[in-house]
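# Coordinate inspection notes
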There are 2 protein chains.
Amino acid sequence: MDAFMEEALKEAKKGIHAGHGGPFGAVIAKDGKIIGRGHNEVVKNNDPTCHGEMMAIHDACKNLGTFDLSGSVLYTTGYPCPMCLGAILWANIEKVYYGCNLEDTDKIGFRDSRFYEMSSDEKKKEAFLVELGRKECQDLYQEYLSLSDRKAY
Amino acid sequence: MDAFMEEALKEAKKGIHAGHGGPFGAVIAKDGKIIGRGHNEVVKNNDPTCHGEMMAIHDACKNLGTFDLSGSVLYTTGYPCPMCLGAILWANIEKVYYGCNLEDTDKIGFRDSRFYEMSSDEKKKEAFLVELGRKECQDLYQEYLSLSDRKAY
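We now turn to the structure provided with this report. Numbers given to residues run from 1 along each chain, matching the order in which its sequence is written. Whichever chain is written first is A, and whichever ligand is written first is 1; the rest continue in order. Totals for whole chains, interfaces and linings use all residues, but because this is a predicted model, local features are given only for residues with pLDDT of at least 70 and pairs of side-chain atoms are given and counted only at 80 or more. Each side-chain value is worked out from all heavy atoms of the structure, with water and hydrogens disregarded.

With that settled, the discussion passes to the overall build of chain A. Under the scheme used here, helices are H or I runs from DSSP no shorter than 4 residues and strands are E runs no shorter than 2 residues, and both carry numbers assigned from the N terminus. A count of helices and strands for chain A gives eight helices and five strands. Ordered by position from the N terminus, the helices and strands of chain A form the series α-β-β-α-α-β-α-β-α-α-α-β-α. With respect to the principal axes defined by its C-alpha atoms, chain A has extents near 55 × 35 × 25 Å. Burial classes follow relative accessibility: with a 1.4 Å probe on protein chains only, a residue under 20% of its type's maximum area counts as buried, one over 50% as exposed, and anything between as partly exposed. Burial status across chain A gives 56% buried among its 153 residues. We call two residues in contact whenever any of their non-hydrogen atoms come within 4.5 Å of each other. When contacts within chain A are restricted to residue pairs at least 6 apart in sequence, those whose partners lie at least 24 apart make up 48%. Entry remark: accessible area of chain A is about 6400 Å², with carbon and sulfur atoms responsible for 46%. For chain A, the distance from the average site of its 19 positive side-chain charges to the average site of its 24 negative ones is 3 Å. Working definition of accessibility: Shrake-Rupley area with a 1.4 Å probe, residue cover restricted to the visible protein chains. His residues and chain termini do not enter the charge count, which takes Lys and Arg as positive and Asp and Glu as negative. Every charge is mapped to an atom, namely NZ of Lys, CZ of Arg, CG of Asp or CD of Glu.

Right, dumping it as structure tokens:
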């Protein structure tokens, strides 16, 4: 099997045997080297955002001192959930290799596939997300645009 | 305006004037009290995942000592991106109030709407996400299921 996926598997196994969370490990590679790694730590950290892919992104950004992981590839033991896919896109990661698919992940009791349904169902989103105070927030956006020392990202 | 949205705006303003990142602040309320707050710190932390909603979730989970924010409501100055929406769902937050919509956010140069397109476009996802080592990862999932001291989340 691919050497980077092997490392993602190692991360996941380390995590489940330490009781950190689910069986999800990830590594990020750039120019043939691993620049970040992580595994699910939702239970350990009491934080629902601590998925393997997120932890690997935190690690790579810290190691490289940048929020831009352009030119890198991510390997993960399970198909990313919408949160992780979003983070992967914000990080400018160029490709994702995953082991188990959404059905596999569903079968062991994780809700990823339901979240993809929500993400693409306008009616469900409308019921869940409600507009409030738009005018004041638009003023905030304008205030931001008027700042001279903004750093683009 | 709503007092909680007012607090989300305060968070956002604090962030942009300190140069932490974009004009996005969030607070999480439960039983009429704020249990977590945060603003975008992508630039400050060199980490693309540090959106206002994510920082507020980290803060609330830390304050309450749990990854489960059931019964809480989130207020945010801009419509959540797919990453933040995913995190909100994982956290079991029950409702979201947002100020600016996706078009407003697009106009000031952020890519949120394009990420929603990716999230619901199967062809684009297929080109970006590639299966690799599924068998070994399925074995990992089974290894996880066989652990006697798993904590559900």
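Further notes follow.
Taken in spatial order, the five strands line up as β2(A)-β1(A)-β3(A)-β4(A)-β5(B) in an open sheet, and their pairing is mixed. Of all the strands in the sheet, just β2 (33-39) of chain A together with β5 (129-131) of chain B have a single pairing partner and so form its edges. Neighbouring strand axes in the sheet, compared pairwise and without regard to direction, differ in orientation by 20 degrees on average. For two strands to be treated as a pair, DSSP must find at least two bridges joining them. Relative to β2(A), strand β1 (residues 25-30) of chain A runs antiparallel, the two being bridged by six bridges. Considered in β2(A), the bridge of Lys30(A) is made with Lys33(A). To get an axis, a line is fitted to the C-alpha atoms, and for a helix only the part in contact is used. The angle between two axes follows their N-to-C directions and goes from 0 to 180 degrees. The sheet contacts of helix α8 (residues 134-145) of chain B involve β3 (72-78) and β4 (95-100) of chain A together with β5 of chain B, and relative to β4(A) the element is tilted by about 55 degrees.

This part is about the packing of aromatic side chains. The rule is short: rings of Phe, Tyr and Trp, with Trp giving its six-membered ring, pair when the centres are within 6.5 Å, and they are stacked under 30 degrees, edge-to-face over 60, tilted in between. With the rule as written, the count across this model stands at 16 aromatic pairs over all chains. Summarising the aromatic geometry, the rings of Phe110(A) and Tyr144(B) are spaced 6.2 Å apart at their centres and angled 35 degrees between planes, so their arrangement reads as tilted. Of this pair, Phe110(A) sits in the loop between α5 (102-107) and α6 (112-119) while Tyr144(B) sits in helix α8, on two different chains. For the pair shown, Phe110(A) and Tyr144(B) are each scored as buried. With centroids separated by 5.2 Å and ring planes inclined at 20 degrees, the aromatic side chains of Tyr75(B) and Tyr97(B) adopt a geometry described as stacked. Of the two residues, Tyr75(B) is situated in strand β3 (residues 72-78) and Tyr97(B) in strand β4 (residues 95-100); the sequence distance between them amounts to 22 residues. In this arrangement the basic side chain of Arg150(A) is found over the ring face of Tyr144(A), its NZ or CZ atom lying 5.2 Å from the centre. Only when the NZ of Lys or the CZ of Arg is both within 6 Å of the ring centre and within 35 degrees of the ring normal is a charge said to sit over the ring.

Strand order across the open sheet formed by five strands is β5(A)-β4(B)-β3(B)-β1(B)-β2(B), with mixed pairing between neighbours. Looking along the sheet, the strands with just one partner apiece sit at the ends: β5 (129-131) of chain A together with β2 (33-39) of chain B. Across the sheet, the axes of successive neighbouring strands diverge by a mean angle of 20 degrees, strand direction being ignored. Summarising the sheet, β3(B) and β4(B) pair through five bridges and their orientation is parallel. Note that in β4(B) the partner of Tyr75(B) across the bridge is Tyr97(B). Packed on one face of the sheet, helix α8 (residues 134-145) of chain A meets β5 of chain A together with β3 and β4 of chain B and runs near 55 degrees to β4(B). Sheet contacts for helix α1 (residues 3-17) of chain B: β1 (25-30), β2, β3 and β4 of chain B; angle to β2(B), the most-contacted strand, approximately 25 degrees.

This part takes up the interface of chain B and chain A. Taken together, the contact between chain B and chain A spans 83 residues of the former and 83 residues of the latter. What gets called buried area is simply the loss in accessible area from a 1.4 Å probe that two parts show on being joined, summed for both. Here chain B meets chain A over a buried area of about 7900 Å², counting both sides, of which 69% is carbon and sulfur. The salt bridge criterion pairs a side-chain nitrogen of Lys or Arg with a carboxyl oxygen of Asp or Glu, the two atoms within 4 Å. Inspection of the region where chain B meets chain A yields four salt bridges. As a salt-bridge pair, Asp104(B) and Arg134(A) come within 2.8 Å of each other at their nearest N and O atoms. At nine residues, α8(B) tops the list of elements feeding residues into the side of chain B that touches chain A.

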